[in-house]
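Notes for the structure review
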Amino acid sequence: MSLQVIGPKIRGFICTNAHPTGCLKNVQSQIDLAKKDIESTENTPNILVIGASTGYGLASRIALTWGYGANTIGVFFERPPSGNKTGSTGYYNSAAFHQMAAQDKFTAISINGDAFSDQIKQKTIDQIQEHFGQIDLVVYSLASPRRIHPKTGVDHRSVLKPVGDPCIGKTIDLTNENVTDITIDPATNEEIADTIAVMGGEDLSFWVELLLSEDLLAPRANIVAYSYIGPQITDQIYSSGTIGLAKADLEQRINAIDTRLLDQINGRAYLSVNKAVVSQASAAIPIVPLYISILYQIMDAKNLNEEPIDQMIRLFSEYLGPDLVPMVDENRRIRMDDRELRSDVVAEVNEKWSLVNNDNFHELADFEGYKKSFRNLFGFEIDDVDYGQPVETEVTIPLV
Ligand code: NAD
């Protein structure tokens, strides 16, 4: 038992602790949005979510559980509490997810460990065989700064850099809250290859090979992986940068997997291009937090903004739910970023982007909103939580 009063420990784009009650409230409010009357339990889908504890993966797990009654197996890599150190936010989110799934009698299995490793893959396979039989949908939502390659043992570290030419842009320094010009030097060939090794599609290919070889994908099963494209403003650092090349590799693999699935099980594999949201992963990308602060202000004013849970409810109700054939663009991508890239939104973002500087960013961007959303991710500044009260940090998850 460890009762503590917990305040945020934030350094730049990193928060090193989390508040269990705040995380529970976050999960609860996502459930409230996702909850639907589920008509029949006859065709309950079995779903594997890889990267299931925060951001888009957690939102997918919640939308599928409370929207469709899905049985889920979630894989994530989170820090449990230890002594006077709190657990990570994904750890507390997952504890809350299990508590509420149990209350509502949903089947949920969680595995905490490195999804890139053969050992965790095998553990997942064993659990699917024991409890689920076959999987109807795989959601691939990993965002990681490193990957120890399971075959070579090489420790690949991803970088967020432009490719070819230096990237010149504006950014907000999250440590001192100054808007400054930055120049980011281009990545070396080795850095590009490392980023593709971490955030590209090889790992998903390994998962699919294993699932197919063990006959664990149900007839007509779907696979969906998440990506981002974004506007011109973030192009050099994102789409045309190292991460963009990794996402291009992911897309290529998705298309190869699609051919394989069609042939073997009449299944399909899709890339869903999601909108920019405040997350642990996006906070680490230069330029992006300032872009999101401007974007949110504009999308909020137009009543168009969506958080991960809104996006995932829409993804599964309009594109990838039971018996749906998703509408895709000319590149066979699902476009959940349609509202972010609407011409009026892009035009207004561009206008503000051209004007924003250190003196006016509080008017031209919702930076206070960004900071609050970032703190909310870790369970801080959530309404109705009394942060003066000590809370139990030694929360447990029924992990297998
Ligand atoms: P996130 O940081 O909130 O979540 C990452 C998840 O991956 C967590 O569950 C974490 O535990 C898990 N994870 C990381 N390393 C792992 C490992 N080695 N083994 C097992 N689990 C591991 O990220 P996010 O922002 O929700 O991004 C998820 C996906 O969505 C990514 O592919 C990202 O590119 C994509 N996406 C994000 C945004 C955005 O704005 N955040 C926009 C569009 C698409």
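This is a predicted model, so every value here is computed, not measured.

**Digging into the environment of D300**
- Mapped onto the secondary structure, D300 falls in helix α9 (residues 288–301).
- Considered as a pair, D300 and E392 are 92 residues apart in the sequence and their alpha carbons are 35 Å apart.
- Setting aside residues no more than four positions away along its own chain, D300 makes contact with N305 and D366.

**Brief notes about unusual backbone geometry**
- Positive phi, normally seen in glycine, also occurs at I287, with a value near 75°.
- Mapped onto the fold, I287 is located in the loop between α8 (280–283) and α9.
- Look at D384: it is not a glycine, yet its phi comes out positive at around 65°.
- Mapped onto the secondary structure, D384 falls in the loop between α13 (367–377) and β15 (391–392).
- Taking relative accessible area as the criterion, D384 reaches 73% and is therefore assigned exposed.

**Details of the state of the cysteines**
- Within the structure shown, the criterion is met by zero disulfides.
- Of all cysteine sulfurs, the one in C23 lies closest to C15, which takes part in no disulfide; the gap is 9.2 Å.
- Residue class for C15 comes out buried when judged on its relative accessible area of 11%.

**What about the packing of helix α2 (residues 55–68) against helix α3 (residues 89–103)?**
- Running from N to C, α2 and α3 cross one another at 5°; their axes reach a closest spacing of 12 Å. The angle between α2 and α3 falls in the class roughly parallel. Across the interface between the two elements, L58, R61, I62, T65 and W66 of α2 pack against N93, F97, H98, M100 and A101 of α3.
- Taken together, the residues of the contact of α2 with α3 sort by class into six nonpolar, three polar and one charged.

**Things to note about the packing of aromatic side chains**
- Scanning the model with the defined rule gives nine aromatic pairs in all.
- A centroid spacing of 5.6 Å and a plane angle of 70° characterise the contact between F361 and F367, whose relative ring orientation is edge-to-face. Each member of the pair F361 and F367 is classed as buried.
- One aromatic cluster is present, formed by W66, F97 and F106 through successive ring pairs.

**Quick look at the pattern of salt bridges**
- In total, this model carries 23 salt bridges according to the counting rule given.
- A salt bridge links D203 to K121, with the nearest nitrogen and oxygen atoms 2.6 Å apart. Pair noted here: D203 is in helix α6 (residues 202–213) and K121 is in helix α4 (residues 118–132), with a separation of 82 residues, a long-range link.
- A salt bridge links E381 to R375; its shortest N-O distance comes to 3.5 Å.
- For E381, a relative accessible area of 37% puts it in the partly exposed group.
- The partly exposed category is assigned to R375, whose relative accessible area is 24%.
- Salt bridges here are not isolated pairs; linked through shared partners, they connect K302, R342, D344 and E348.

**Section: the sheet that holds strand β4 (residues 46–50)**
- Strand order in this open sheet of seven strands is β6-β5-β4-β7-β12-β13-β14, and the pairing throughout is parallel. Either end of the sheet is taken by a strand with one partner, and the two such strands are β6 (108–112) and β14 (333–335). If you compare each strand with its neighbour and ignore which way they point, the axes differ by 20° on average.
- Bridge analysis of strand β7 (residues 135–140) against strand β12 (residues 217–227) gives five bridges, and the strand direction is parallel. Pairing of V139 across the sheet is with V224, part of β12.
- Set on the sheet, α2 makes contact with β4, β5 (71–76), β6, β7 and β12; between it and β5 the angle comes to about 170°.

**With respect to the site of the ligand**
- In the neighbourhood of the ligand, 29 residues make up the surrounding shell, with S53, Y56, E78, A115 and S279 lying closest.
- Within the side chain of D114, one N or O atom sits 2.9 Å away from a nitrogen atom of the ligand.
- Protein chains bury 93% of the 840 Å² of accessible surface belonging to the ligand in isolation.
- Residue assignment for the shell around the ligand shows that the elements contributing at least two residues are α2, β12 and α8.
- Residues of the shell around the ligand, tallied by class, amount to 14 nonpolar, eleven polar and four charged.

Calculation criteria
Residues numbered from 1 in each chain as written. Predicted model: local features only at pLDDT ≥ 70, side-chain atom pairs only at ≥ 80, totals over all residues. Heavy atoms only, no water. Helix = DSSP H or I, 4+ residues; strand = E, 2+ residues; numbered from the N terminus. Contact = heavy atoms within 4.5 Å. Buried < 20%, exposed > 50% of the residue type's maximum accessible area, 1.4 Å probe, protein only. Disulfide = S-S within 2.5 Å. Axes fitted to C-alpha atoms, helices over the stretch in contact; angles between N-to-C directions. Parallel < 35°, antiparallel > 145°, perpendicular 65-115°, else oblique. Nonpolar A, V, L, I, M, F, W, Y, C, P; charged D, E, K, R; others polar. Phe/Tyr/Trp six-rings, centres within 6.5 Å; stacked < 30°, edge-to-face > 60°. Salt bridge = Lys/Arg side-chain N within 4 Å of Asp/Glu carboxyl O. Pairing = 2+ DSSP bridges. Near = heavy atom within 4 Å. Polar contact = N/O pair within 3.5 Å; in protein donor to acceptor, adjacent residues only side chain to side chain. Areas by Shrake-Rupley, 256 points an atom, 1.4 Å probe, with all protein chains shown as cover.

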